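Here is what each chain is made of, one letter per residue.
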Amino acid sequence: MQFDQRQADAATSEINTLLCPMLDLAIADKRKAEYDATRGSGEGDVAKNRIGAGYIGVPCVRDLGFRYHRFPKEARDTGANPGELQRHAAAGHWTENATLDWLGLVGMNIITVALNDHGNEITDQWGKPKQIGWKDGKDPETGQYRLAGEVDGVIIGVDDPHLASLIKPPCIWESKKATDKKWKKFAKEKVRGADPVYFGQVQVNMGYLGVMQTLFSMLNLDTMKFYFELIPFDQRHAQDLVDRGVGVFQTSSPYDLPRLGRSEDDLVCKFCDYRTQCWHGETNTVHVTSQLFNPNTMEDPPF
Ligand code: SF4
């Protein structure tokens, strides 16, 4: 069969047109099926409508409301599609596993899953090793938790004496990956200045697990350089975020919550996943606030 360069170019173009969306769809469908069968099912002790530590720190409370009330995310011209997002997540898992191995090479003892009194892994209701985390904000009607968080690991031992004088176990470990541009922003502005969502996540996790330090690691996937930051617990910040989350529980729709942006062209709104629904849906009504960070409703840290 004759197959020249012109035919190869045409086939290459067609393969890209066909295969890229096929892969995106297949990967996203597989992930959605896994999620719907496990955490997304709403079965078990964590409610389907909940606020996770991973996004409790989003700057706009109405954005938090859209997430809690499970409004659909809008497609963005400039954003990654669901298949691409899943590949980003896979790169994040690779980064986490590799960093864990490398930190082990320099004598850091890190646990990543919950252990029982005999040091054996605890499994969740779906038979998977249970990640170290916390739950709070019980719904009085269903008994399910509406606030939850998990951590990548907890450092429980540091062999190197110099490092051991800086890192005091138990210390939460949070792993992230980044492009060169993002990595430089973090190295310059530190986590608090660079990203309120990551900063909120580590603060709320420290509050609930009763830990005073987080070692934040960020791997630059363009240069493979690391950035590490030791973040202290800021109780006020953690408390404010939890109070804000509890305020969201008391709403019946995100439209009960105020907008942070002053117009839909505001920078905070430009990349928001709910921009059209926010600015072209119902109108703003009330602002609800509340208090909660109750140690009596928390589980014991599983480490
Ligand atoms: S569009 Fe702007 S105001 Fe509306 S939820 Fe998003 S960030 Fe908040």
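Check the entry above for the structure.
Just so it is clear, the structure is predicted and the values come from calculations on it, not from any experiment.

Chemist: Could you give an account of the pairing of strand E3 (residues 133-138), with specific residues and numbers?
Modeler: Inspection of the sheet shows E3 paired to strand E4 (residues 145-150) by 5 bridges, in the antiparallel sense. Considered in E4, the bridge of Trp134 is made with Gly149. In textbook terms, the turn of a hairpin is the stretch between consecutive antiparallel strands, and for E3 and E4 this stretch comprises 6 residues, one of which, Gly143, has a positive phi near 80 degrees.

Chemist: Could you give an account of the nonpolar core, with specific residues and numbers?
Modeler: Val154, Ile155, Ile172, Trp173 and Val204 are the most contacted members of the largest nonpolar core, which has 43 residues in total. Per-element accounting of this core gives the leading share, 6 residues, to helix H6 (residues 196-209). Leave out the neighbours within four places in its chain, and Trp173 touches Ile110, Asp152, Gly153, Val154, Ile155, Leu215 and Ser217. Residues Cys269, Cys272, Tyr274 and Cys278 belong to the second largest nonpolar core, which totals 5 residues.

Chemist: Account for the site of the ligand, naming residues and giving values.
Modeler: Close to the ligand lie 13 residues, the nearest being Cys60, Arg259, Cys269, Cys272 and Cys278. Every element with two or more residues in the shell around the ligand is listed here: helix H2 (61-68), helix H8 (267-270) and helix H9 (275-280). At 3 residues, H2 tops the list of elements feeding residues into the shell around the ligand. Here the shell around the ligand is composed, by residue class, of 8 nonpolar, 1 polar and 4 charged.

Chemist: So what about the packing of helix H1 (residues 5-37) against helix H3 (residues 82-105)? Which residues, and what values?
Modeler: Running from N to C, H1 and H3 cross one another at 65 degrees; their axes reach a closest spacing of 7 Å. It follows that H1 is roughly perpendicular to H3 by the angle criterion. Remark: the crossing between H1 and H3 carries left-handed chirality. Contact residues: Leu23, Asp24, Leu25, Ile27, Ala28 and Arg31 in H1; Pro82, Gly83, Glu84, Gln86 and Arg87 in H3. In terms of residue class, the contact of H1 with H3 is made up of 5 nonpolar, 2 polar and 4 charged.

Criteria and cut-off values
Residues numbered from 1 in each chain as written. Predicted model: local features only at pLDDT ≥ 70, side-chain atom pairs only at ≥ 80, totals over all residues. Pairing = 2+ DSSP bridges. Helix = DSSP H or I, 4+ residues; strand = E, 2+ residues; numbered from the N terminus. Core = buried A, V, L, I, M, F, W, Y, C linked by C-beta atoms within 7 Å. Buried ≥ 20, exposed ≤ 12 C-beta atoms within 10 Å, placed from the backbone. Contact = placed C-beta atoms within 7 Å. Near = placed C-beta within 6 Å. Nonpolar A, V, L, I, M, F, W, Y, C, P; charged D, E, K, R; others polar. Axes fitted to C-alpha atoms, helices over the stretch in contact; angles between N-to-C directions. Parallel < 35°, antiparallel > 145°, perpendicular 65-115°, else oblique. Left-handed = near helix turned anticlockwise from the far one by under 90°.

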